[in-house]
Amino acid sequence: MRNLGYVGYRPAVPVLLNSLERVTYRGYDSFGVALVDHNGIEMVKSLGTVEEHRKRAEHLQGSIGIDHTRWATVGGVSEANAHPHMDCTGDIAIVHNGDIDNFRHLKQRLQSEGHVFKSETDSEVIAHLIEAHGGRQSLVKATKKALKELEGPLAVAVLHRPSRQLVVARRESPLVIGLGEGETFVASDVPAILPYIHRVVYLEDGDIALASESGITVWNSGQEVTRSVHQVAWSADQISKAGYDHFMLKEIHEQPQAIHDTAAEGLPAAGQASATPMLPVEDPSAVLLLGCGTSYHAALLGEQVLSSMLGIPVSARVASELHEGAFQGPGSLAVAFSQSGETSDTITALRRAKDSGYRSLAITNVMGSSITRLADSTLYTRAGPEVAVASTKSFVSQVVALYLLALHLAPERAKAAGIRQQLRSLPSKVGQILANTEAIEAAARGLAPFQHMFIVAKGLGVPVAMEGALKFKEVAYLHTEGYPAGELKHGPFAMLDQNTPVIALVGNDQHRTRMLTAIKEIKARGPQVIAVADRDDAETAAFADVVIPIPRSDVFMAPVLQTVVLQLMSYYTARERGCPIDRPRNLAKSVTVP
Ligand code: F6R
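Residues numbered from 1 in each chain as written. Predicted model: local features only at pLDDT ≥ 70, side-chain atom pairs only at ≥ 80, totals over all residues. Heavy atoms only, no water.

### Concerning the packing of aromatic side chains
1) Next: Under the criterion given, the structure shown has five aromatic pairs.
2) Next: Between Phe454 and Tyr483, the aromatic rings sit 6.0 Å apart at their centres with planes inclined by 80°, giving edge-to-face as the arrangement. Of this pair, Phe454 sits in strand β21 (residues 452-457) while Tyr483 sits in strand β22 (residues 479-484), and the two are 29 residues apart along the sequence.
3) Next: A residue is classified by how much of its surface remains accessible, and Tyr483, at 24% relative accessible area, is partly exposed.
4) Next: Taken together, a centroid distance of 5.1 Å and an interplanar angle of 80° make the contact between Tyr571 and Tyr572 edge-to-face.
5) Next: The exposure class of Tyr571 is buried, given its relative accessible area of 0%. (Phe/Tyr/Trp six-rings, centres within 6.5 Å; stacked < 30°, edge-to-face > 60°. Helix = DSSP H or I, 4+ residues; strand = E, 2+ residues; numbered from the N terminus. Buried < 20%, exposed > 50% of the residue type's maximum accessible area, 1.4 Å probe, protein only.)

Now the structure itself:
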């Protein structure tokens, strides 16, 4: 479910397929490409791998085209359902990302008018609807009319044989235009087209654009509009594996830099004012933290950190499960965490918070992403492009951004807690873990044969345990529960035996004694216990079977160090189990549909 398009002077197939290869980590059950050549629109669709698709498509000629990688939602995985989809005449081809909520009704109507459908997808209605509105004669006009009838999020690229035009449109789903010299690129996100461009335009909701070799013309609500051109801060090198076996490992190793760069956003030189962007509300009466998956775990950590410092109600909510009772109303601040800035559930939740009178802040890694346009202000994490499906460097950068927020909202408390100094020494502590992974690799080899596992912790460690468990599930397919240590005796003890290893996160905080007691209780029931603890923590070493040592740190930074250990352990376990680490089954990098 990613769109790409090209119009320019080069042969389009290599450009489109290279770009498509860069986004196949996102959603990838089938592929398709369509080009305009002198015979009409030529199209190739493939199941399987992008390499096979490349072989089948490389004979296509032409310098204007569209392509797509699909992650099935409506209709199974088949060549017929793969994009592009054509109208009845074969003069119009479309690729689409999103959902058409009213497609059944539209399809029935179009069928009754004589249109013949070849797929089970919702997307195909777009091609027939444009045809029905006179698309063969005037593509832009017909696309505008069609869009008025289509309900739901969409990003669409439309190819037109008679005029050799490429028209694109977006509503809620991401779409970016790359501007080159004598060529124009269309993509769902910047990394896909990074090697070719330095300047991009982010289309707004409701925009329709005609892309040509010389750039774009954009309309919204019937009026021609101008959209700003942005310089791209990322470079093409950042999306190569740079000698690592997997993007996930590379991105884990990029964390000292990501922490440094993100902290630099909000930690100006001593004596200067904070560089953190002005908050939309300086003195909120309540804070609501939103996110999905890994980003929700950052929000959960934020709930504990900010509650301890602010003295106002702070709550974290899974964005996809937000209910009306969660909203406090005007004067409150909603903070949405999203690496991509495109997660539909998070965007919807933030919009609902705004509708309830909240001021809003987005914490995101992607400049110009949809959430930045919705939120009143944005704090960027500076993790660089994250390619692996599993979030790693974006999570620790979100945690750093959270501490910047604490420094801004509760400067005295955050200062007293030493947050500023701790952030400055964090990259080198993470670096020490990355430089010495033997113990982690050995522990991962030991975990690889098991089917079930627990990661237990207390306090700030609980969101870390949940995040670690998510990593083991998604990359190593090892069923892992992240659990508050004190809760095991309320049920999960029944699961414990020698076939269920337990990882225990032991910090130097007020929970330490209870954690050590929990380890004793767990060991008495048979499991092997791997503790993650300070390198000089002899007491924990006496209780656990194995200790993974981490540099001594203050309470607030321990979650980051523990996270890095769990990321590495899940990575090495996945490698031991032969899992496709950067492309876990059934997952897409960003989930842009509800
Ligand atoms: C897990 C993972 C997902 C994302 C989630 C939200 O490793 O990557 O759980 O965290 O889909 O994505 P963003 O942060 O882009 O909103």
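Having seen the structure, we can now continue with the description.
### Brief notes about the domain arrangement of the chain
1) Next: With domains assigned, the chain is organised as domain 1 (2-237), domain 2 (244-431) and domain 3 (436-594).
2) Next: Once you take the C-alpha centre of each, domain 1 and domain 2 turn out to be 33 Å apart.
3) Next: Each partner contributes residues to the interface: domain 1 has 11 residues there, and domain 2 has 13 residues.
4) Next: Together, the buried faces of domain 1 and domain 2 total about 1,100 Å²; carbon and sulfur atoms form 57% of this surface.
5) Next: For the pair domain 1 and domain 2, the interface holds three residue pairs in polar contact (both at pLDDT 80 or more).
6) Next: In the side of domain 1 that touches domain 2, the residues fall into six nonpolar, no polar and five charged. (Domains from an automatic or database assignment. Contact = heavy atoms within 4.5 Å. Buried area = accessible area lost by both parts, 1.4 Å probe. Polar contact = N/O pair within 3.5 Å; in protein donor to acceptor, adjacent residues only side chain to side chain. Nonpolar A, V, L, I, M, F, W, Y, C, P; charged D, E, K, R; others polar.)

### A short note on the sheet that holds strand β20 (residues 377-380)
1) Next: The strand order β17-β16-β18-β19-β20 describes an open sheet built from five strands, whose pairing is parallel. Only two strands of the sheet have a single partner each, and these edge strands are β17 (314-318) and β20. Averaged over all adjacent pairs, the angle separating strand axes in this sheet is 20°, with direction ignored.
2) Next: The pairing of strand β19 (residues 359-364) with β20 spans four bridges and is classified as parallel. From the neighbouring strand, Ala362 faces β20, where its bridge partner is Thr378.
3) Next: The sheet contacts of helix α8 (residues 293-310) involve β16 (287-291), β17 and β18 (333-338), and relative to β17 the element is tilted by about 170°.
4) Next: Relative to the sheet, helix α9 (residues 344-355) contacts β16, β18 and β19, its axis offset from that of β18 by approximately 170°. (Pairing = 2+ DSSP bridges. Axes fitted to C-alpha atoms, helices over the stretch in contact; angles between N-to-C directions.)

### What about the environment of Phe247?
1) Next: Residue placement: Phe247 occurs in helix α6 (residues 247-253).
2) Next: Residue Phe247 is classed as buried on the basis of its relative accessible area of 13%.
3) Next: Along the chain, Phe247 and Ile581 lie 334 residues apart, while their C-alpha atoms are 8.5 Å from each other.
4) Next: When sequence neighbours within four positions are dropped, the list of residues in contact with Phe247 reads Ile239, Ser240, Lys241, Val387, Ala388 and Asp582.

### Quick look at helix α3 (residues 103-112)
For an α-helix, the turn length of 3.6 residues means that residues three or four places apart are oriented alike.
1) Next: All of the buried residues in α3 are Phe103, Leu106, Lys107 and Leu110. Viewed end-on, α3 has its buried residues packed into an arc of 100°, placing them on one side of the element. Residues Arg104, His105, Gln108 and Ser112 are exposed on α3 and point more than 90 degrees away from its buried face.
2) Next: On its buried face, α3 is in contact with α4 (124-132) and α5 (139-149).
3) Next: Taken from the residues just after α3, Gly114 is the one with a positive phi, measuring 105°. (Arc of directions from axis to C-beta.)

### What to know about the sheet that holds strand β8 (residues 165-171)
1) Next: Taken in spatial order, the seven strands line up as β5-β6-β7-β8-β12-β13-β14 in an open sheet, and their pairing is antiparallel. Every interior strand has two partners, whereas the edge strands, β5 (85-86) and β14 (223-225), have only one.
2) Next: Bridging between β8 and strand β12 (residues 207-212) involves four bridges; their strand directions are antiparallel. The partner of Leu166 across the bridge, within β12, is Ala211.
3) Next: Where α5 meets the sheet, its contacts fall on β7 (154-160), β8, β12 and β13 (215-220), and the angle it forms with β8 comes to roughly 20°.

### Considering the side chain of Glu131
1) Next: With respect to the helices, strands and loops of the structure, Glu131 is situated in helix α4.
2) Next: No salt bridge is formed by the buried Glu131, whose closest oppositely charged neighbour, Arg136, lies at an N-O distance of 6.7 Å.
3) Next: Beyond its immediate stretch of four places on either side in the chain, Glu131 contacts Asp87, Cys88, Thr89, Ile92 and His115. (Lys, Arg positive; Asp, Glu negative; His and termini not counted. Salt bridge = Lys/Arg side-chain N within 4 Å of Asp/Glu carboxyl O.)

### Focus on the site of the ligand
1) Next: Of all residues adjacent to the ligand, which total 14 residues, the nearest are Ser295, Ser338, Ser340, Thr343 and Glu474.
2) Next: Side-chain polar atom of Ser338 to an oxygen atom of the ligand: 2.6 Å apart, as the coordinates give it.
3) Next: Contact with the protein chains covers 90% of the free accessible surface of the ligand, which is 400 Å².
4) Next: Breaking the shell around the ligand down by element, the ones donating at least two residues are α8 and α15 (461-476).
5) Next: Residue composition of the shell around the ligand, by class: four nonpolar, eight polar and two charged.
6) Next: For the shell around the ligand, the domains that each give at least three residues are domain 2 (244-431) and domain 3 (436-594). (Near = heavy atom within 4 Å. Areas by Shrake-Rupley, 256 points an atom, 1.4 Å probe, with all protein chains shown as cover.)

### Looking at helix α18 (residues 558-576)
1) Next: With 19 residues, α18 extends 27 Å from end C-alpha to end C-alpha; this agrees with the ideal 27 Å at 1.5 Å per step.
2) Next: Where burial is concerned, most of α18 is hidden: 17 out of the 19 residues are buried.
3) Next: Of the residues one or two after α18, Gly578 is the one with positive phi, at around 70°. (Expected span 1.5 Å × (residues − 1).)

### Some details on the pattern of salt bridges
1) Next: Within this structure, the stated rule accounts for 20 salt bridges.
2) Next: Residue Arg170 is joined to Asp205 by a salt bridge in which the shortest nitrogen-to-oxygen separation is 3.7 Å. Taken together, the residues span a long stretch of sequence, with Arg170 in strand β8 and Asp205 in the loop between β11 (199-202) and β12 at a distance of 35 residues.
3) Next: Given the relative accessible area of 4%, Arg170 is considered buried.

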